[in-house]
Amino acid sequence: MSDPLILKLDRVSKHFARVETDGITNALEGINLELHEGEFVSIVGTSGCGKSTLLRLIAGLLRPTTGTLTVNGEPITGPAPDRGMVFQQPTLFPWLTVEKNISFSFRMRHKLKENEAQVSRILDVIKLTAFKDDYPSQLSGGMAQRVALARTLICQPKILLLDEPLGALDAFTRMNMQDEILSSWRTARQLAIMVTHDIDEAIYMGTRVIVMEPHPGRIMGEIPIKLDYPRNRSSSQFVEYRNQILDMLHFGLNEK
Amino acid sequence: MGFRKENRRHRTASEEIDIPGTLTRQQLFALEQKDKTPARRAWDLCVTLFPAPACAAALLEYGYIPDKYSNAYPWRYVIFLLIPLAVYLCVWIVSRVRCAKGDRTLYEKLLYKAPLYTAIYLFLLLFDVLTLKTGKLMYPFIPWVNDIINAALGDWNMLLKSTLFSLRLLFLGYFWGVGVGLITGIACGYSSRIHYWISPLIKILGPIPVATWLPLIMLLFPSLFSGSVFIIALGTWFSVTIATITGISNIDRAYFDAARILGARERQLVLHVAIPHAMPNILQGMTQGMNSACIALMVAEMLGVEAGLGWYITWAKAWAMYNRMFAAIIVICIIFNGVTRMLDFIRRRALRWQIGVTRT
């Protein structure tokens, strides 16, 4: 076994030049984080607090303005399949069938031959084998997001980045998918980092919740969630965690 | 089988919906269609047979009204009229057999096409009256159909040669245009620096009709043939380039992000994301390019190149052989139609994902 994976963010900041005016936007400032393999980190915060930017930095889609991001000491220089990411929109390639979407990463790395069994296995797991020759436009939102998840998970990423993956789904599909994601994470035990604007979801899924605030985007605090899976959304501890986070975000009753 | 019996009786839609078990695509279509009354069905059956009496009328007219002009090989027109009808009736029989087995698709298709075929026969009847029988339609500039058939069969060797020459010219120019157009389009869509240098060229050259270049090209190119290839390629190049640039610059960045996360390299992003995404635009540009290529071909052949169908037409006209001229025009019609259909077929195959075809 290799060493357990550690993702370190050291004084990371990201600034964007504004399009309309001369100014710059401070999307993130002074982010220090250390995340370990096996954790499920939920990031919550109001819009504009840079939570998606943070995820894109870790994915390697963006480069930090200052500071460093390292995985086991190695700096992140660009995107790679072992840092898989699922977006809010499924972004399935509409010109490929479900099966081809899922096998996309294998084909990009010319490893399809040895992994064909995997593709059909994961189709089975997400229960979409019957739809493998369909095009994404024929899928419902939930099915499309399951395919997007499968497409990412099939690379067996060491870090799984989830950018509001369930944000566009209806409440029922959403709760089902939460359990699906959790169960896959609990078998694979990689480091999962999920951005969400749903506090319940953050508590329900995360081993730790990081709360961020905007202008400039920074970390306000973090709360380890010490509850066993599967969690009960209406237990008193759950509600307590929720109140605690709401307080931090200045939505609590104590503020009035 | 049981399903068919149910459908024969007149039932309301709500009754028909609860069919047990799995539904085939065929049955689904049948269910979704409104029920027709028996009278309506009988009428539909008559409609599918209308081309036969129309053809008979055309034959009777041809045979019984005396000709005004001398008409060589009169039987050729009869065969010309009968062959399509024979084919049609064969298909009709097949469609009825399939109907009996519960598959109505072919029959519905015939029902859709039959009025058109009937009209074509009636048009031929009228045309024959106006030309061969009475000469009311600008004789001798417009010949009758049998005359055109005779011209085509009499001069088939020359026609075939001209056709092959035209096709060679067309496709040579077209493929050069598409190939270079794709490369410039993708390069421009992908790199803003290349776009900076190429776009003025496109803006200046693009809107000018290709025929404008003809005199210049006659001077500059070593042979008329290569000059014509260039003209045809130029028009195609313009359409394909513009369409490809549009297609590629419209790509949502999220697709690139997703592909990069999944391990795609720069070159793969072009091949596996940019090009497939731009495919609808590219194919549209290719269709447009074919249109301009056909125009350019005709212009080139009529004005300069001394071979091909365009040249054949001007040559026949110069010798007042209007029947040959019409024969060539009809061949052009058939070829350009065929080429357009081929492109359309390719487009539909390539863009299956876009149409959202239902599962079978």
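Residues numbered from 1 in each chain as written. Chains lettered and ligands numbered in written order. Predicted model: local features only at pLDDT ≥ 70, side-chain atom pairs only at ≥ 80, totals over all residues.

Draft legend 1. Up close: the overall build of chain A. Counting its secondary structure elements, chain A contains eight helices and ten strands. For chain A, the spread of C-alpha atoms along the principal axes amounts to about 55 × 45 × 45 Å. The buried share among the 256 residues of chain A stands at 40%. Restricting the contact set of chain A to residue pairs at least 6 apart, pairs at least 24 apart contribute 67%. (Helix = DSSP H or I, 4+ residues; strand = E, 2+ residues; numbered from the N terminus. Buried ≥ 20, exposed ≤ 12 C-beta atoms within 10 Å, placed from the backbone. Contact = placed C-beta atoms within 7 Å.)

Draft legend 2. Up close: the interface of chain B and chain A. Contact with chain B, which involves 15 residues of that partner, is made by 23 residues of chain A. Only α13 (253-261) and α14 (266-303) of chain B provide two or more residues apiece to the side of chain B that touches chain A. Among the residues forming the side of chain B that touches chain A, the class breakdown is nine nonpolar, three polar and three charged. (Nonpolar A, V, L, I, M, F, W, Y, C, P; charged D, E, K, R; others polar.)

Draft legend 3. Highlighting the domain arrangement of chain B. Under the domain assignment used here, chain B contains domain 1 (36-144) and domain 2 (156-355). A straight line from the C-alpha centre of domain 1 of chain B to that of domain 2 of chain B covers 37 Å. (Domains from an automatic or database assignment.)

Draft legend 4. Structural context of the sheet that holds strand β5 (residues 74-75) of chain A. Residue and element names in this part refer to chain A. Read across the open sheet, the four strands follow the order β2-β1-β4-β5; overall the sheet is antiparallel. Looking along the sheet, the strands with just one partner apiece sit at the ends: β2 (24-36) and β5. With five bridges connecting them, strand β1 (residues 6-17) and strand β4 (residues 66-71) associate as antiparallel partners. In the strand pairing of β4, leucine 7 is matched with valine 71. (Pairing = 2+ DSSP bridges.)

Draft legend 5. Spotlight on the nonpolar core. Among the nonpolar cores identified, the biggest contains 135 residues, and Ile58, Val147 and Ile193 of chain A together with Ile232 of chain B are the most heavily contacted of them. Here this core gets 14 residues from one element, more than from any other, and that element is α14 of chain B. If we skip the residues at most four places from it in the chain, isoleucine 58 of chain A touches Leu7, Leu69, Ile76, Arg83, Ile159, Leu161 and Ile193 of chain A. (Core = buried A, V, L, I, M, F, W, Y, C linked by C-beta atoms within 7 Å.)

Draft legend 6. A look at the confidence of the model for chain B. All names here are of chain B. The predicted model of chain B averages 85 in pLDDT, with 91% of residues at 70 or higher. Predicted confidence for residues 1-18 stays below pLDDT 50, and this span has eleven contacts to residues more than four positions away or in other chains. Scored as a complex, the prediction yields pTM 0.76 and ipTM 0.87. (pLDDT = per-residue confidence, 0-100.)

Draft legend 7. Up close: the confidence of the model for chain A. Within chain A, residue pLDDT values average 86, and 97% of them lie at 70 or more. For chain A, the element scoring lowest by mean pLDDT is helix α4 (residues 112-125) of chain A, at 83; strand β8 (residues 191-195) of chain A scores highest, at 92.

Draft legend 8. Structural detail: the sheet that holds strand β7 (residues 159-163) of chain A. Residue and element names in this part refer to chain A. The strand order across the open sheet formed by six strands is β6-β7-β8-β3-β9-β10, and the pairing between neighbours is mixed. Looking at which strands have only one partner, the edges of the open sheet turn out to be β6 (83-86) and β10 (218-224). The sheet shows a mean angle of 20 degrees between the axes of neighbouring strands, taken without regard to direction. In this structure, strand β3 (residues 40-45) lies alongside strand β9 (residues 208-213), joined through five bridges in parallel fashion. Among the inter-strand pairings, glycine 45 is bridged to a residue of β9, identified as methionine 212. (Axes fitted to C-alpha atoms, helices over the stretch in contact; angles between N-to-C directions.)

Draft legend 9. Here's a closer look at the environment of arginine 218 of chain A. All names here are of chain A. Its place among the elements puts arginine 218 in strand β10. Sequence spacing of arginine 218 and leucine 249 is 31 residues, and the spatial spacing of their C-alpha atoms is 13 Å. The residues touching arginine 218, leaving out its near neighbours within four places in the chain, are Glu29, Gly30, Ile31, Met212 and Glu213.

Draft legend 10. Representation of helix α5 (residues 141-153) of chain A. All names here are of chain A. Compared with the 18 Å implied by 1.5 Å per residue over 13 residues, the 18 Å span of α5 between its first and last C-alpha is a close match. The buried fraction of α5 is high, at eleven of 13 residues. Residues of α5 that are buried sit in contact with β6, α2 (98-102), α3 (104-108), α4 and α6 (171-188). (Expected span 1.5 Å × (residues − 1).)

Draft legend 11. Representation of the pairing of β6 of chain A within the structure. Residues and elements named next belong to chain A. Covered by surrounding structure in β6 are Arg83 and Met85 together with Gly84 and Val86, the residues of both alternating faces. Both β6 and β7 contribute to a ladder of four bridges, which runs parallel. Within β7, the residue paired with arginine 83 across the bridge is isoleucine 159.

Draft legend 12. Spatial organisation of the packing of helix α9 (residues 156-190) of chain B against helix α15 (residues 308-318) of chain B. All names here are of chain B. Contact geometry for α9 and α15: axes closest at 6 Å, N-to-C directions at 135 degrees. As far as their axial angle goes, α15 and α9 are oblique. Residues Ser162, Thr163, Phe165, Ser166 and Leu169 of α9 form the contact with α15, whose own contacting residues are Gly308, Leu309 and Tyr312. Residue composition of the contact of α9 with α15, grouped by class: four nonpolar, four polar and no charged. (Parallel < 35°, antiparallel > 145°, perpendicular 65-115°, else oblique.)

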